[in-house]
Amino acid sequence: MKKIIISPSILSADFANLAQEIDFIGKAGADWVHIDVMDGHFVPNITIGVPVVKSIRKVTDLVLDTHLMIENPEDYIEPFAEAGSDILTIHYEACADRVGDVIQKIKEKGVKAGLSIKPKTDAREIIPYLGNVDLVLIMTVEPGFGGQEFIHDCALKIPVIKENSPEDMIIQVDGGINNLTSKICISLGANSLVAGSYIFGQKDYRQAIESLR
Ligand code: DX5
Ligand code: ZN
């Protein structure tokens, strides 16, 4: 069985000690670092920008999994790629009329391309793009904030994506993931889990990460 990729969302980390938090999750068995970029327009919250990604790149060798919850994502691909992101995931809803071009732009920067859908978006809408992306991120909460409750219906999109994807597709879920909801997602075919409040809310990060697999 293939390993489940765990990507802790630093949105729930202690930002005053970010380097240490990232060091801790790496030592605790995390595979990636999930960085939630929010612009106050696509979602009603503002979080991390390019300079922070640049600083994170200097302190870790973990894969930087950057989730762009922003409008006009094409305008920010170059800076986020150059800041050191290994994966750039854009939202389908932010550029539905030009998503193929935006994916192409990500690939030209030599980073992996991810495509995300919000809870109300039908998974079938992105089937035409599944041959061109490395990762699909299925939001299991409305994007914008950590600590929300998992929306069970969203997990039903996992098999739809899986059935229509190449073998090596990374199918990631994000929002409300804990030791119980992770199992639901894995059983439906997810192979990458983002978790913020569940991991950073526990004393023992290693145990938290292991309990997700
Ligand atoms: C929500 C973000 C998530 C968030 C997950 O918009 O995309 O990555 O940090 O937080 P939890 O795991 O607390 O639901
Ligand atoms: Zn996220």
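Residues numbered from 1 in each chain as written. Chains lettered and ligands numbered in written order. Predicted model: local features only at pLDDT ≥ 70, side-chain atom pairs only at ≥ 80, totals over all residues. Heavy atoms only, no water.

Chemist: Please provide a residue-by-residue account of the pattern of salt bridges, values included.
Modeler: For the structure shown, the criterion picks out 10 salt bridges. Taking the shortest distance from any N to any O, the salt bridge between Asp86 and Arg57 comes out at 2.9 Å. Here Asp86, found in the loop between helix H3 (77-82) and strand E4 (87-91), pairs with Arg57, found in helix H2 (residues 50-59); they are 29 residues apart in sequence, far enough to count as distant. In this structure, the salt-bridge partner of Glu210 is Arg206, at a minimum N-O distance of 3.5 Å. Taken together, the residues span about one helical turn, with Glu210 and Arg206 both in helix H9 (residues 205-212) at a distance of 4 residues. The class for Glu210 is partly exposed, based on a relative accessible area of 47%. Residue classification places Arg206 among the partly exposed positions, given a relative accessible area of 39%. Each of Lys3, Asp31 and Arg213 takes part in one network of salt bridges that share partners. (Salt bridge = Lys/Arg side-chain N within 4 Å of Asp/Glu carboxyl O. Helix = DSSP H or I, 4+ residues; strand = E, 2+ residues; numbered from the N terminus. Buried < 20%, exposed > 50% of the residue type's maximum accessible area, 1.4 Å probe, protein only.)

Chemist: A description of the side chain of Thr181 should follow, citing residues and the corresponding values.
Modeler: When you line up the elements, Thr181 lands in helix H7 (residues 181-188). Filtering out sequence-adjacent residues up to four positions away, Thr181 remains in contact with Phe150 and Gly176. (Contact = heavy atoms within 4.5 Å.)

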